[in-house]
Amino acid sequence: MATDIKDTAYPVDAAAVMRLFPARPRVLALGEPTHGEDTLLDLRNGLFRQLVEQEGYRTIAIESDCTAGLLVDDYVTSGTGTLDDVMEHGFSHGFGASAANRELVRWMRVHNDGRPASERLRFAGFDGPLEITGAASPRQALTALHGFLAPRVDAGLLPCTGEALDRLLGADDRWTDPAVMTDPARSVGRSAGAGQLRLFADDLVALLDAQTPHLIAATSREAWDRARLYGRTAVGLLRYHFWMADTSPARMARLVGLRDRMMADNLLAVAERGPALVHAHNLHLQRNKSAMLMGDRLEWWSAGAIVSARLGDGYGFLATALGTIRHQGVDTPPPGTVEELLYALPEESCVVDAPRLAAALEDTPPPPRVSPYYGYFPLDPAHLAGSDGLVFVKDVPRSRRDDRGPARRPACR
């Protein structure tokens, strides 16, 4: 078996990855089983550079706030702002603290300098403005959408004024109260004002769509795309807040599903630009149904599963599995696991044909690995056949830290 695996293991580079697919995927998703490890981000950065240089990829999208990510995109495309500022304010979940993320942004800015717009690399966050402790106020997204439309369409077509939005939104801390995650009664998501805001958001998005030819001609495709992002985000946040007020047993499963629905909508929009590399947790990108324990077992369809169903062969997924994360108590893989078989290979990292590996293991299904560290989700062997490739990283050393950014959070949010 080890010989069979060795024969299908290749260095993690663009050429080896592309051999896994009949044609270049429009969305190439690279998963990770844990967050906050620069070894995995360095591997991602290297693969992205090769995909840019050899395969014509022009966008990278990561599991970070889609609205904050606009700051990063502005910096890498046009030099707006400073590197320190975008690392502090352009990432969510503490990802701005990563030295590898900083290097990615720095390299993209250098690469884009002096190039025409059609050849510039783009950055996107594709997560909603969400944290495990709650969700952002819909103010930024709603007011930005209204602000885009108000000077460009007849006032009589607008469903509301900016003042009406401001009055209904109220204080932002009503929306961001972290106690809501454990006490649905504190949520304003089902108040009369929130209900009115949902109607306004829906009408504003409908108006944006109906006025597409005029708005693109009056501004640009880029400005219209950004307004669409604000519209998706406003509608998604208001829906998320509505269900945060739910008291049924399905509350948390619905919330994690809604989050990935927002992610999927953003990825489909990214795919319209052309080939993109996407990087996030395996649970957000896999084709199989995702599951995790948050008190109860939660199951939901990931963003990757949704996008794969929509794009077909235009979506490709590489799961990542690890050997050790010794600084987190994850030692040599247990006997019989897929990770143990791969750990015996000489390469520090490699990519293998996941369906072929799954077929080779079919007669003796390996047991799943159990992690002693809550922030690491080991490979589920039953999901191998649902991946196009499996990236294996043998040993993950402690990450270097960029102390100019906020602390990172290691678990899947």
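Worth saying up front: this structure is predicted, and the values here are computed from it rather than measured.

Draft legend 1. Representation of the overall build of the protein in the model. Counting its secondary structure elements, the protein contains 17 helices and eleven strands. Overall, the protein is about 70 × 55 × 40 Å in size when its C-alpha atoms are taken along their principal axes. Expressed as a percentage of its 413 residues, the buried residues of the protein come to 54%. Taking contacts inside the protein between residues at least 6 apart in sequence as the whole, the part at least 24 apart equals 78%. Carbon and sulfur atoms form 52% of the exposed surface of the protein, whose accessible area is close to 17200 Å². Measuring between centres, the 45 positive side-chain charges of the protein sit 3 Å from its 53 negative side-chain charges.

Draft legend 2. Focus on helix α3 (residues 38–55). Over its 18 residues, α3 runs 24 Å from end to end, which matches the ideal 26 Å to within 8%, given 1.5 Å per residue. Here α3 has its buried residues at Asp38, Leu40, Leu41, Leu43, Arg44, Asn45, Leu47, Phe48, Leu51 and Val52. One or two residues past the end of α3 sits Gly56, with phi positive at roughly 80°.

Draft legend 3. Structural view of empty space enclosed by the protein. Summed over the entire model, instances satisfying the criterion amount to three cavities of 30 Å³ or more. In this structure, the second largest cavity occupies an estimated 120 Å³ of space. Around the second largest cavity, the lining comprises 16 residues; the ones closest to its centre are Glu32, His35, Leu41, Phe95 and Asn101. Counting residues per element, the ones that place at least two in the lining of the second largest cavity are α3, β2 (59–65) and β6 (276–281). The element best represented in the lining of the second largest cavity is β6, accounting for three residues. Residues belonging to the lining of the second largest cavity are distributed by class as follows: four nonpolar, seven polar and five charged.

Draft legend 4. Seen up close, the domain arrangement of the protein. Once the domains are mapped, the protein shows domain 1 (1–133 + 249–396) and domain 2 (134–248). Summarising the inter-unit geometry, the C-alpha centres of domain 1 and domain 2 are found 30 Å apart. In this assembly, 25 residues from domain 1 lie in contact with 25 residues from domain 2. In total, domain 1 and domain 2 occlude about 2200 Å² of area from one another, counting both sides; carbon and sulfur atoms represent 56% of this. Where domain 1 packs against domain 2, one counts four salt bridges. Residue Arg122 pairs with Glu222 through a salt bridge whose shortest N-O separation is 2.7 Å. Taken together, the links from domain 1 to domain 2 amount to 13 residue pairs in polar contact (both at pLDDT 80 or more). When residues of the side of domain 1 that touches domain 2 are traced back to their parent elements, those giving at least two are α4 (69–78), β4 (130–131) and α13 (251–271).

Draft legend 5. Structural context of the layout of surface pockets. Computed from the structure, the second largest pocket encloses a volume of approximately 500 Å³. Around the second largest pocket, the lining is made up of 29 residues, and of these Arg122, Glu222, Asp225, Ala269 and Arg273 lie nearest the centre. Taken together, the elements giving at least two residues each to the lining of the second largest pocket come down to α4, β3 (122–127), α12 (221–244) and α13. Ranked by residues supplied to the lining of the second largest pocket, first place goes to α12 with seven residues. Among the residues forming the lining of the second largest pocket, the class breakdown is ten nonpolar, seven polar and twelve charged.

Draft legend 6. Looking closely at the packing of aromatic side chains. Across all of its chains, the model carries four aromatic pairs by this definition. Summarising the aromatic geometry, the rings of Phe48 and Trp107 are spaced 6.1 Å apart at their centres and angled 80° between planes, so their arrangement reads as edge-to-face. On the criterion of sequence distance, the pair formed by Phe48 in helix α3 and Trp107 in helix α6 (residues 99–112) is long-range, its members being 59 residues apart. No difference in accessibility class separates Phe48 from Trp107, as the two residues are buried. Centre to centre, the rings of Phe242 and Trp243 are 5.2 Å apart; their planes meet at 85°, and the pair counts as edge-to-face. Lying over the aromatic face of Trp243, Arg190 brings its terminal NZ or CZ to 4.9 Å of the ring centre.

Draft legend 7. Quick look at the nonpolar core. In terms of nonpolar packing, the biggest core is built from 42 residues, with Leu28, Phe48, Val105, Met108 and Phe123 touching the most fellow members. The leading source of residues in this core is α3, at six residues. Apart from residues no more than four positions distant in its own chain, Phe48 is found in contact with Thr59, Ile60, Leu104, Trp107, Met108, Leu121 and Leu277. Leu267, Val270, Val278 and Leu285 belong to the second largest nonpolar core, which has 37 residues in total.

Draft legend 8. Looking closely at the pairing of strand β7 (residues 290–294). Note: β7 against strand β8 (residues 296–300), five bridges, orientation antiparallel. From the neighbouring strand, Ser290 faces β8, where its bridge partner is Trp300.

Draft legend 9. Spotlight on the pairing of β3. For β3, the buried fraction is high: six of the six residues fall into the buried class. Going residue by residue along β3, you find Arg122, Ala124 and Phe126 tucked away on one face and Phe123, Gly125 and Asp127 tucked away on the opposite face as well. In the sheet, β2 pairs with β3 via five bridges, with the strands oriented parallel. The partner of Thr59 across the bridge, within β3, is Arg122.

The rules we used
- Residues numbered from 1 in each chain as written.
- Predicted model: local features only at pLDDT ≥ 70, side-chain atom pairs only at ≥ 80, totals over all residues.
- Heavy atoms only, no water.
- Helix = DSSP H or I, 4+ residues; strand = E, 2+ residues; numbered from the N terminus.
- Buried < 20%, exposed > 50% of the residue type's maximum accessible area, 1.4 Å probe, protein only.
- Contact = heavy atoms within 4.5 Å.
- Areas by Shrake-Rupley, 256 points an atom, 1.4 Å probe, with all protein chains shown as cover.
- Lys, Arg positive; Asp, Glu negative; His and termini not counted.
- Charge placed at Lys NZ, Arg CZ, Asp CG, Glu CD.
- Expected span 1.5 Å × (residues − 1).
- 1 Å grid on protein atoms, 1.4 Å probe; cavity = no way out; pocket = protein on both sides within 12 Å on 5 of 7 lines; lining within 4 Å.
- Points joined across faces, edges and corners; volume = space filled by probe spheres on them.
- Nonpolar A, V, L, I, M, F, W, Y, C, P; charged D, E, K, R; others polar.
- Domains from an automatic or database assignment.
- Buried area = accessible area lost by both parts, 1.4 Å probe.
- Salt bridge = Lys/Arg side-chain N within 4 Å of Asp/Glu carboxyl O.
- Polar contact = N/O pair within 3.5 Å; in protein donor to acceptor, adjacent residues only side chain to side chain.
- Phe/Tyr/Trp six-rings, centres within 6.5 Å; stacked < 30°, edge-to-face > 60°.
- Lys NZ or Arg CZ within 6 Å of the ring centre and 35° of its normal.
- Core = buried A, V, L, I, M, F, W, Y, C linked by side-chain atoms within 4.5 Å.
- Pairing = 2+ DSSP bridges.

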